[in-house]
Amino acid sequence: MNEKFERTNHCGDLRLADVGKSVIVIGWVQKRRNLGSLVFIDLRDRWGIVQVVVKPEDVELPDIRNEYIIQVFGKISKKDVPNKNLATGDIEIVADKVVLINTSEQPPIVISDDTDASEDIRLKYRYLDLRRQSMVNRFLTRAKITKCAHDYFSSNDFVNVETPYLSPSTPEGARDYLVPSRLKKGSFYALPQSPQLFKQMLMVAGFDRYYQVARCFRDEDLRADRQPDFTQIDVEMSFMNEDEILAMAEGFLKKVFKEVVDFDVQLPLRHMEYDDAVNFYGSDKPDTRFGMKLVDLKDILDKTEFGAWKDSKFIKAIKIEGIAEETSRKKQDEYNLLANKFGMKFYACFKVENDTLEGSLVKFMNPEQIKNVIQAMDAKNGDVIFVGSGNDKHNVCFGVGALRSMMAKKLNLIKPNTFDLLWVVHFPLFEKSEETGEIVAVHHPFTRPCDEDLSKLRTDPFNVYAYAYDIVINGYEAGGGSLRIYDQKVQQEIFEILGLTPERIQKKFGWFVDALKFGTPPHGGLAFGLDRLTMILSGTDNIRDVIAFPKNLAGVCPVTNAPYPVDEDQLKVLGIDVIKEK
Ligand code: ASP
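Residues numbered from 1 in each chain as written. Predicted model: local features only at pLDDT ≥ 70, side-chain atom pairs only at ≥ 80, totals over all residues. Heavy atoms only, no water.

## Quick look at a negative patch on the surface
Consideration 1: A grouping of Glu325, Glu326, Glu353 and Glu358 is seen on the molecular surface, where their side chains present a negatively charged patch.
Consideration 2: Structurally, glutamate 358 is set in strand 15 (residues 356-358).
Consideration 3: With a relative accessible area of 35%, glutamate 358 lands in the partly exposed category. (Patch = residues over 30% accessible without salt bridge, like charges linked within 9 Å, V, L, I, M, F, W, Y side chains within 5 Å. Areas by Shrake-Rupley, 256 points an atom, 1.4 Å probe, with all protein chains shown as cover. Salt bridge = Lys/Arg side-chain N within 4 Å of Asp/Glu carboxyl O. Lys, Arg positive; Asp, Glu negative; His and termini not counted. Charge placed at Lys NZ, Arg CZ, Asp CG, Glu CD. Helix = DSSP H or I, 4+ residues; strand = E, 2+ residues; numbered from the N terminus. Buried < 20%, exposed > 50% of the residue type's maximum accessible area, 1.4 Å probe, protein only.)

Dropping the structure here:
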């Protein structure tokens, strides 16, 4: 068969300027209204919807239903009453021939932007969900960002190189997805958590500037902004210092924001020290579109008679303006559930009323302390102060920071339609593993420590900072990276501090450490999260909205139902025995 599906235009492209033209369009029937002497059809393609008018008296109309595909031959006519809801709403196509191209079953979801279908159903029938214009737009945004990446990095002399999917484990700190080897039974590849070590080897190879739109795989618990397979715009460059690398990255962001949403990003972006982000925003990805900064009340409150404060190493507070009246006991209990997640029993809550503090803990404070708190918080009558305290800095700061974010969302304090970009810089090099209590690398063991902290590597490792940076946009970590170690002595020292014996190093990434011995250039880079960038630029906070076929929160692909149990034969070939769950 050599059918020709002729089209002169896309449905969504037709405008007033086309009035009088003869056109041929093909699309899916979105809606059909039969008024007897006239039949109106909303016809949809990827570009939009156009109204078609058929006079059954003059034109033979096949039996058509929603989601049938038809080809319409007709003439563009100006509508007497424009439809403001459609981009094509000034015109309609008066049909003189309608050809049925294919039929469809009754779709299980309403294909329209105001569909009331649950996300589960939408994900199951994703190919239908993706027909909705709001979904199409997100993928157009995504594709534009990818195109910007290709344009920007290739025009800056970066080489686009693909790195393997079947690879050894990469050190990003998550659990690996493993792929069994048939040829080497009992051995496994790991799907890459990122191209980190390969891109560094490309620097050793002298490629100088590399980029890749790379799929990455991390077996972590899923969240609204996390998927097991996701995409990074991954870059690495040689002979550039931190400022130069960040400037290169900023150039990309400027281009993306301009081309995709016509927003002018002012460069250079501001830098916030990691410690300031934690102390003032209670987050390593601070949303700075609103204030409500954390205030340190330790000096004031540990002198009160309240035992928990006296025993706390860290006491942080936020003030929320004008919510005293609506802050009931019940609401406080609700907020405390969040405190519990951060290892705190509660957020102490004070209302400012009659120029003093009200609340169950005020009885432990003298008038001077009350005055000092009001002053430190710059609080007025009607405001509410929430206080978190404890001995773990991370828990206290992040716990109060989480309340800050939650309240800002609840109270609509976030300026809409604005983008706030900043770098969070100088992350700590090491942290204590929550699981084992052992010292581990915050990013990966190849992250370069700040020169001024080198002397503290052994004596005070938790106060060593790294040339590591994250790009934070509207409270999302939209990317991150670091300078890498190229001095073998420093690398060796880091391994030793991390308790990596030569045998373990050899086993884990000996091949990579060997590569670094052959004239490694000073280098560094970063990776942008394509999914998160798309979320931010298309105004959704659900990562599944910007991935064509995402997994649900149980890690299952709702369209295909993967993962599946496999046949015994397949397992046998791989030398695998599956332990059945009881
Ligand atoms: N590989 C890092 C990551 O995935 C990014 C980088 O350091 O370039 O977070």
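Continuing now.
## As for the sheet that holds strand 6 (residues 159-160)
Consideration 1: Taken in spatial order, the 8 strands of this open sheet run 6-9-10-22-21-20-17-11, and their pairing is mixed. What marks the edges here is a single partner per strand, and that holds for strand 6 and strand 11 (270-273).
Consideration 2: As paired strands, strand 21 (residues 476-483) and strand 22 (residues 523-529) are joined by 5 bridges and run antiparallel to one another. Across the sheet, residue glycine 481 finds its bridge partner in strand 22, namely leucine 526.
Consideration 3: Packed onto the sheet, helix 4 (residues 196-204) meets strand 9 (209-217), strand 10 (229-238) and strand 22 and runs at close to 20° relative to strand 10. (Pairing = 2+ DSSP bridges. Contact = heavy atoms within 4.5 Å. Axes fitted to C-alpha atoms, helices over the stretch in contact; angles between N-to-C directions.)

## Details of the pattern of salt bridges
Consideration 1: A full pass over the atoms with the stated rule returns 37 salt bridges.
Consideration 2: For the salt bridge of aspartate 420 with arginine 270, the shortest nitrogen-to-oxygen distance reads 3.5 Å. In this pair, aspartate 420 is assigned in the loop between helix 11 (393-410) and strand 17 (421-425) and arginine 270 in strand 11, connecting sequence segments 150 residues apart.
Consideration 3: A salt bridge links glutamate 496 to arginine 458, with the nearest nitrogen and oxygen atoms 2.6 Å apart. Placement of the pair is glutamate 496 in helix 12 (residues 488-497) and arginine 458 in the loop between strand 19 (439-441) and strand 20 (468-473), with a sequence separation of 38 residues.
Consideration 4: The exposure class of glutamate 496 is partly exposed, given its relative accessible area of 41%.

## Quick look at the environment of glycine 529
Consideration 1: Mapping glycine 529 onto the fold places it in strand 22.
Consideration 2: With a relative accessible area of 16%, glycine 529 lands in the buried category.
Consideration 3: In the structure, glycine 529 is positioned 308 residues away from aspartate 221 in sequence and 17 Å away in space, judged by C-alpha atoms.
Consideration 4: Discounting chain neighbours no more than four positions away, the residues touching glycine 529 are Thr231, Ala478 and Gly479.

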